[in-house]
Amino acid sequence: MLTYIKESFEELRTNITLPSKSEASNLMVIVAVFSILFALATWGVDSLFGYLIDIYFDKLIN
């Protein structure tokens with residue numbers, strides 16, 4: 001187990017490259033845009049289902 005941990009840290013030191021600042025900021029903008037779009041889509045579907053449930057129960061009660 002100790003060998004595995006040592007090899008994992010060695011691999012992290014030698015094989016991992018970090019993106020440049022410009023690439024990281026571009027990726028951050030992409031993630032932010034998709035997060036906002038996903039949140040809006042989730043809100044829209046939730047609102048639609050809430051509206052449909054209200055209509056269903058209004059017709060059921062009346």
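As a starting point, this report considers the structure included with it.

1. Points about the overall build of the protein chain
(1) Moving on: Within the protein chain, the secondary structure is distributed over two helices and zero strands.
(2) Moving on: A compact globule built from 62 residues should have a C-alpha radius of gyration of about 11 Å, whereas the protein chain, at 24 Å, is more than 25% larger.
(3) Moving on: The dimensions of the protein chain, computed from C-alpha atoms along their principal axes, are 70 × 35 × 10 Å.
(4) Moving on: The buried share of the protein chain, taken over its 62 residues, is 0%.

2. Section: the pattern of salt bridges
(1) Moving on: Following the criterion strictly, the structure yields one salt bridge and no others.
(2) Moving on: Where Arg 13 meets Glu 10, a salt bridge forms, and the shortest distance between an N and an O atom there is 3.2 Å. Remark: Glu 10 and Arg 13 occur in helix α1 (residues 2-15); sequence separation between them is three residues, near one turn of the helix.
(3) Moving on: In this structure Arg 13 comes out as exposed when scored by relative accessible area, which is 64%.
(4) Moving on: On the basis of relative accessibility, which here comes to 40%, the residue Glu 10 falls in the partly exposed class.

3. Quick word on the environment of Asn 15
(1) Moving on: Relative to the elements of secondary structure, Asn 15 occurs in helix α1.
(2) Moving on: By relative accessible area, which is 53% here, Asn 15 ends up exposed.
(3) Moving on: For the pair Asn 15 and Ile 30, spaced 15 residues apart in the sequence, the C-alpha separation amounts to 25 Å.
(4) Moving on: Polar side-chain contacts of Asn 15 include one of 3.4 Å to the side chain of Thr 14.

4. Details of the packing of aromatic side chains
(1) Moving on: Under the counting rule described, the total for this entry stands at one aromatic pair.
(2) Moving on: Between Tyr 56 and Phe 57, the ring centres sit 5.3 Å apart and the planes meet at 70 degrees, which makes this aromatic pair edge-to-face.

5. Some details on a nonpolar patch on the surface
(1) Moving on: Together, Leu 27, Met 28, Val 29, Ile 30, Val 33, Phe 34, Ile 36, Leu 37, Leu 40 and Trp 43 make up a nonpolar patch on the protein surface, roughly 1,100 Å² of accessible area in all.
(2) Moving on: Mapped onto the elements, Leu 27 comes out in helix α2 (residues 21-61).

6. Let's talk about α1
(1) Moving on: Its 14 residues give α1 an end-to-end C-alpha distance of 20 Å, which sits within 8% of 20 Å, the value for a rise of 1.5 Å per residue.
(2) Moving on: When you tally the buried positions in α1, you get zero out of 14 residues, a small fraction of the element.

About the cut-offs
- Residues numbered from 1 in each chain as written.
- Predicted model: local features only at pLDDT ≥ 70, side-chain atom pairs only at ≥ 80, totals over all residues.
- Heavy atoms only, no water.
- Helix = DSSP H or I, 4+ residues; strand = E, 2+ residues; numbered from the N terminus.
- Rg over C-alpha atoms; globule rule 2.2 N^0.38 Å.
- Buried < 20%, exposed > 50% of the residue type's maximum accessible area, 1.4 Å probe, protein only.
- Salt bridge = Lys/Arg side-chain N within 4 Å of Asp/Glu carboxyl O.
- Polar contact = N/O pair within 3.5 Å; in protein donor to acceptor, adjacent residues only side chain to side chain.
- Phe/Tyr/Trp six-rings, centres within 6.5 Å; stacked < 30°, edge-to-face > 60°.
- Patch = residues over 30% accessible without salt bridge, like charges linked within 9 Å, V, L, I, M, F, W, Y side chains within 5 Å.
- Areas by Shrake-Rupley, 256 points an atom, 1.4 Å probe, with all protein chains shown as cover.
- Expected span 1.5 Å × (residues − 1).

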